[in-house]
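So the chains spell out like this:
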Amino acid sequence: MRILVLSGGYSAERDVSLSTGALAASALRRLGHRVAVCDLFLGLPAVTDLSAQFTADDTASSTAIASSEPDLDALTASRIGGFGHIGDNVFELARASDLVFLALHGTDGEDGKIQAALDLLGVRYTGTGLFGSALAMNKSAAKDVLGAHGILVPQGVALHRGDTADVGFPCVVKPCSGGSSVGTSIVTDGADYAAALEAAFRYDDTVLVEQYIAGREVDVGVVDGVALPPIEIVVPQGFYDYTSKYQAGLATEICPADFTPEITAKLRRAAEDVFRALRLEVYARMDFIVTDAGEVYCLEANTLPGLTPTSLLPQEAAAIGLTYDALIARIVELSLEKYGDAL
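Presented here is an overview of the structure given in this document.

Conventions we followed
- Residues numbered from 1 in each chain as written.
- Predicted model: local features only at pLDDT ≥ 70, side-chain atom pairs only at ≥ 80, totals over all residues.
- Heavy atoms only, no water.
- Buried < 20%, exposed > 50% of the residue type's maximum accessible area, 1.4 Å probe, protein only.
- Helix = DSSP H or I, 4+ residues; strand = E, 2+ residues; numbered from the N terminus.
- Pairing = 2+ DSSP bridges.
- Axes fitted to C-alpha atoms, helices over the stretch in contact; angles between N-to-C directions.
- Contact = heavy atoms within 4.5 Å.
- Polar contact = N/O pair within 3.5 Å; in protein donor to acceptor, adjacent residues only side chain to side chain.

## Some points on the pairing of strand E5 (residues 171-175)
Stage number 1. A large share of E5 lies buried, amounting to five of its five residues.
Stage number 2. Burial of E5 is two-sided: the residues Cys171, Val173 and Pro175 facing one way and the residues Val172 and Lys174 facing the other way are all buried.
Stage number 3. Relative to strand E6 (residues 185-187), E5 is paired through three bridges, and the arrangement is antiparallel. Residue Val172 lies in a different strand from E6, and its bridge partner there is Ile186.
Stage number 4. Note: E5 against strand E7 (residues 206-211), five bridges, orientation antiparallel. Residue pairing across strands places Val173 opposite Val209, the latter belonging to E7.

Shown next as structure tokens:
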């Protein structure tokens, strides 16, 4: 098939997305597909033959991720052409493909916007559709839905600019829509609270302030509605922020996580419940905290989880014998099934 890998974009997570895209493109070519790779924000210069962009031969691309999020102002200044957050020829290339592999993270990738555009164009794509993507990306709305389904979530309040609320400490302050812990702070007292709000409002007009849940941080991937083995993240200092997520050696990941069979089953069941409640499709990854009392709190769901060298979902897949290439193949297969097609 001709597959377009869309990555990059105008997002604080664009470097992570570029890494995911490069690795996914290589895997797709190894699987026998003809692949084009395009940055959603930068696009492509004018081309006369779109089909020539799809190649079977792999080209080396960097998968390294910087220790801090990208400078989007500098990115904008460097761009030639494009409109809004969409680069030139992106949709033309999408229409020339048999499937778009979404390697995007964060804004414009996981919030349903690109899914809506591709739906209007009649273009098939991987992962969750418009509704589930938009719902999961808005952490406040997602928490309301999960709570209504009996899934344990931290208590919290959504604040707009200028809003005030009485909050207890410690608490977690984070953008309402976003990922990779960008703009997220753990606040232990009132002295740091204003600075944490300011940091979160840099990335979103709505900020979520939640109770801090002490416990072990765990992620559980779901593929085709079935949970993978849980993976525990241990960070020696601080919390699992952007730097520790993508810089090798700053966090320890244990997969399968060392829990009792009862807690493991509870985690996997919770992940599958979240997947269904938020109307997710194909694959996703859920973030949890497990308390000393064995309570399982869902923090959020990621509809396009990272597929980088340090990402969690590929590690979970490997724990059941699913190689990286096999995981990519499964994502493609399940995505086609959404449209009633098959390889």
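## Let's talk about the sheet that holds strand E3 (residues 99-102)
Across a sheet, paired strands are connected by hydrogen bonds in the backbone, their directions being either parallel or antiparallel.
Stage number 1. Taken in spatial order, the three strands make up an open sheet running E2-E1-E3, and their pairing is parallel. Of all the strands in the sheet, just strand E2 (34-39) and E3 have a single pairing partner and so form its edges. Taken pair by pair, the neighbouring strands of this sheet meet at an average axis angle of 25 degrees, ignoring direction.
Stage number 2. With four bridges joining them, strand E1 (residues 2-7) and E3 adopt parallel strand pairing. Each bridged residue has a counterpart across the sheet, and for Leu6 the counterpart in E3 is Leu102.

## Focus on the environment of Asp88
Stage number 1. Along the chain, the position of Asp88 falls in the loop between helix H2 (72-78) and helix H3 (90-95).
Stage number 2. With relative accessibility at 34%, the residue Asp88 sits in the partly exposed group.
Stage number 3. Spatially, the C-alpha atom of Asp88 lies 36 Å from that of Leu159, the residues being 71 residues apart in sequence.
Stage number 4. The contacts of Asp88, once residues within four sequence positions are left out, are Leu42, Gly43, Leu44, Ile80, Gly81 and Gly82.
Stage number 5. Within the local environment of Asp88, its side chain forms a polar contact with the backbone nitrogen of Gly82, the two atoms lying 2.9 Å apart.

## Some points on unusual backbone geometry
In terms of backbone geometry, most residues other than glycine have negative phi values and most peptide bonds are trans.
Stage number 1. In this structure, the amide linkage connecting Phe169 to the following residue, Pro170, adopts the cis form with an omega of 0 degrees.
Stage number 2. In this structure, Asn89 is a non-glycine residue whose phi angle is positive, near 65 degrees.
Stage number 3. One can find Asn89 in the loop between H2 and H3.
Stage number 4. Non-glycine residue Asp224 carries a positive phi angle of around 55 degrees.
Stage number 5. Looking at where Asp224 falls in the secondary structure, it is placed in the loop between strand E8 (216-223) and strand E9 (226-227).

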